[in-house]
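# Inside the fold
Residues per chain, in single letters:
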Amino acid sequence: MRGEVGYLILEDGTILKGKPFGARTVRYGEVVFTTAMVGYPESLTDPSYKGQILVETNPLMGNYGVPSKELKENGLPLHYESDSIKVEGFVVSRLMRPNHWSSVMSLDEWLRREGVPGLQGIDTRAVVKKIREKGVMRGAIVTDGSDPKEVLENVEKIDYETTNFVELVSPSSPIIHVPEGKISGTIVVVDMGIKYGILRELLRRGFKLIRIPWDWDPIEAYESYNADGVFFSNGPGNPSLLKVVAKNAKKVLDAGIPTMGVCLGEQVLALADGAEIYKLKYGHRGINKPVKDLESGKAFVTTQNHGYAIEPETLNEFYVWMINLDDNTVEAIKHKELPVIATQYHPEASPGPWDSTWVFDEFAKLVRGDANV
Ligand SMILES: NC(=O)CC[C@H](N)C(=O)O
C-alpha cells in the first residue's frame, strides 16, 4: 500500500521508519547483520537465524527473486537451507523487482506467504554502525501499523540468551537420507537445526544420514544403525543452554567415534571438552571472512554466521586448528588424539565460496579410517 509505514525498533530506543513488505505483523528478536552480497534465499532459510531479525548490508536485495524448490540434489532443494523461512524479520535498504530464469516469485510474495515481515527503505549502514558500536541488540520489526513506542516496551521482555531455539528447529523424530549411488558409510547427525547445505555435502560423499532430534543420545543411534561416524550440526541460540547435547558429545568423544561439528556443533564439542564459550560483540555474519589454517599456513575465504566463540585458552583435549584473520578468534579445532574435527565457520558455504568444502573430505577420510588426525 502506498504511504504505508513500518518500523525497526532497537532496545536502545532507536526507531527507524521504513516501508513494509512481506507479512503485516509484529515480530521480536535479536537484531543482527550480514555482509553477504548474495544468497538471501539461503540466509533466510538458515535455521541458525531462528530468533533473530536479519539486516542485510548489501543495498539491493531481491534481484534474482526466489528460486524454485524443484532444483534438487539427493532429494534436497539446492538453494534452500531448510523447508521454510527461519528469520523473525528481514530488513533491507532497497527491495528489487526480480528478474531471473529460476525465479518463481518475488521476495515480497515469499515473505507474505510464510508470514514473515520485511522492511525496506532502511539505512542499513546506520543500523550496522550502531550495532558495531553498542553490540548486538534486541529489537522488533513492526509492519502492521502498531504503535512503535508500545512495541519498544515489549522488546525488554524478550530474552534471546535464555531461550532454547534449537528445540523449535530440530525434528521431533529421526529423518533418514539415502544418497543416490554407492553408499560409503552411515553417519548419525545430531540435528540442532541443520542446514541442507551440510546434508548435501555429506550425501555427495556417499553417506547415508540418520538425523536425530537434538536431545537424543547419538551413541544409541550409532549402535542401532551400525553407523560409522557422528556429526553435530549448526543451530540457533546460546550454546551454553545445550547441556544435554554437551553431555552426549562427551560420550561420543569417550567412545572415540569419528566426529565432525560445524558452528553450534563445534561449540558443543568444545563444551564437552570442558572449554568456555563467550558472546562476540556483534558476531561474524558474511560470506567473505578470512580464515587461516595454522597447520598448512593456507588462508580461505569463508561463510560465517555465529554470535559466540570458543575461549582458546580453555581448550583441553582439542587445539586451535584455524583462526579468523580479522580478529584472531577460533575458527576450527582438532582433537589431539581422536578422529574429531570441527569448524566455527561454514565449510558448506550456502551461500558463499566453496573454498573449504575439503573439510568434509577430511571428515570422510576420518570415517574411513585412512587419515591421521
Ligand atoms: N550457525 C550456527 O550454528 C550458530 C551457532 C550459535 N548459535 C552462534 O550464534 O554462535
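Everything numeric in this text was worked out from a predicted model, so none of it was measured.

With that settled, consider the UniProt feature "binding site: L-glutamine" (unreviewed entry) in the chain. Per the UniProt entry, the sites bearing "binding site: L-glutamine" (unreviewed entry) are Ser48, Gly235, Gly237, Leu264, Gln267, Asn305, Gly307 and Tyr308 in this numbering. Look at the named residues: they lie 261 residues apart in sequence, but the longest C-alpha span between them is just 13.3 Å, so in the fold they bunch up. Position of leucine 264 among the secondary structure elements: in helix 9 (residues 264-272). Residue contacts for leucine 264: discarding those within four places in its chain leaves Val166, Met192, Ser233, Asn234, Gly235, Pro236, Gly237, Pro239 and Leu242. Its location among the elements puts glutamine 267 in helix 9.

Okay, the pattern of salt bridges next. Applying the stated rule across the entire model yields 22 salt bridges. With a closest N to O distance of 2.6 Å, glutamate 109 and arginine 113 form a salt bridge. In this pair, glutamate 109 and arginine 113 both sit in helix 2 (residues 107-113), four residues apart, roughly one turn of the helix. In this structure glutamate 109 comes out as partly exposed when scored by relative accessible area, which is 27%. Look at arginine 113 and you get exposed, because its relative accessible area is 60%.

This part takes up the sheet that holds strand 15 (residues 185-191). The strand order 14-16-15-17-18-23-22-21-19-20 describes an open sheet built from ten strands, whose pairing is mixed. Every interior strand has two partners, whereas the edge strands, strand 14 (175-177) and strand 20 (299-310), have only one. Averaged over all pairs of adjacent strands, the angle between their axes in this sheet comes to 20°, without regard to strand direction. The pairing of strand 15 with strand 16 (residues 207-213) spans seven bridges and is classified as parallel. When the sheet's bridge partners are listed, valine 188 is paired in strand 16 with isoleucine 210. This element, helix 10 (residues 358-368), spans strand 15, strand 16, strand 17 (229-232), strand 18 (259-262), strand 19 (277-293), strand 20, strand 21 (318-324) and strand 23 (340-343) of the sheet and lies at about 165° to strand 23.

The next thing to look at is the packing of aromatic side chains. For the coordinates displayed, the defined rule picks out eight aromatic pairs. Ring geometry for phenylalanine 300 and tryptophan 358: centres 5.4 Å apart, planes at 40°, overall tilted. Remark: tryptophan 358 occurs in helix 10 and phenylalanine 300 occurs in strand 20; sequence separation between them is 58 residues. Using a relative accessible area of 22% as the deciding quantity, one classes tryptophan 358 as partly exposed. Arranged with centres 6.1 Å apart and planes meeting at 80°, the rings of tryptophan 321 and tryptophan 358 form a pair that is edge-to-face. Placement of tryptophan 321 in strand 21 and of tryptophan 358 in helix 10 is noted, with a sequence separation of 37 residues between them. A relative accessible area of 2% places tryptophan 321 in the buried class. Among the aromatic residues, those joined into a cluster by ring pairs are Phe207, Phe231 and Phe363. In this arrangement the basic side chain of lysine 334 is found over the ring face of tryptophan 321, its NZ or CZ atom lying 4.5 Å from the centre.

Attention shifts here to the UniProt feature "active site" (unreviewed entry) in the chain. UniProt records the feature "active site" (unreviewed entry) at Cys263, His346 and Glu348, using the numbering of this structure. These annotated residues cover 86 residues of sequence, and their C-alpha atoms lie no more than 11.2 Å from one another, placing them together at a single site. For histidine 346, the position within the fold is in the loop between strand 23 and helix 10. Look past the residues within four positions of histidine 346 in its chain and what remains in contact with it is Lys195, Asn234, Val262, Cys263, Thr303, Gln304 and Asn305. Within the fold, glutamate 348 resides in the loop between strand 23 and helix 10. When sequence neighbours within four positions are dropped, the list of residues in contact with glutamate 348 reads Lys195, Gly197, Ile198, Glu201, Val262, Trp354 and Phe360. Here the side chain of glutamate 348 touches lysine 195 through a polar contact of 3.0 Å, side chain to side chain.

Rules and cut-offs
Chains are numbered independently. Their residues run from 1 in the order of the written sequence. pLDDT decides what is reported in this predicted model: residues at 70 or higher carry local features, side-chain atom pairs at 80 or more are listed and counted, and totals for whole chains, interfaces and linings draw on all residues regardless. Only hydrogens and water are set aside when side-chain values are computed; all heavy atoms of the structure are taken into account. UniProt positions are given in the numbering used here, feature names are shortened, and annotations may be inferred rather than shown by experiment. Each helix is a run of DSSP H or I of at least 4 residues and each strand a run of E of at least 2, with the numbering of both proceeding from the N terminus. The contact criterion used is simple: two residues touch if any of their non-hydrogen atoms lie within 4.5 Å. Every case where a carboxyl oxygen of Asp or Glu lies within 4 Å of a side-chain nitrogen of Lys or Arg is listed as a salt bridge. Only protein chains enter the calculation, and the probe is 1.4 Å; a residue is then buried if its accessible area is under 20% of its type maximum, exposed if over 50%, and partly exposed in between. For two strands to be treated as a pair, DSSP must find no fewer than two bridges joining them. Each axis is a line fitted through C-alpha atoms, and for a helix only the stretch in contact is used; angles between axes span 0 to 180 degrees, taken between their N-to-C directions. Note on ring pairs: Phe, Tyr and Trp rings are taken, using the six-membered ring of Trp, and paired if centres are within 6.5 Å. Classes follow the plane angle, with under 30 degrees stacked, over 60 edge-to-face and the rest tilted. The criterion for a charge sitting over a ring is simple: Lys NZ or Arg CZ within 6 Å of the ring centre, and within 35 degrees of the ring normal. Counted as a polar contact is a pair of N or O atoms within 3.5 Å, where, for protein atoms, one must be capable of donating a hydrogen and the other of accepting one, and residues adjacent in sequence contribute only when both atoms are in side chains.

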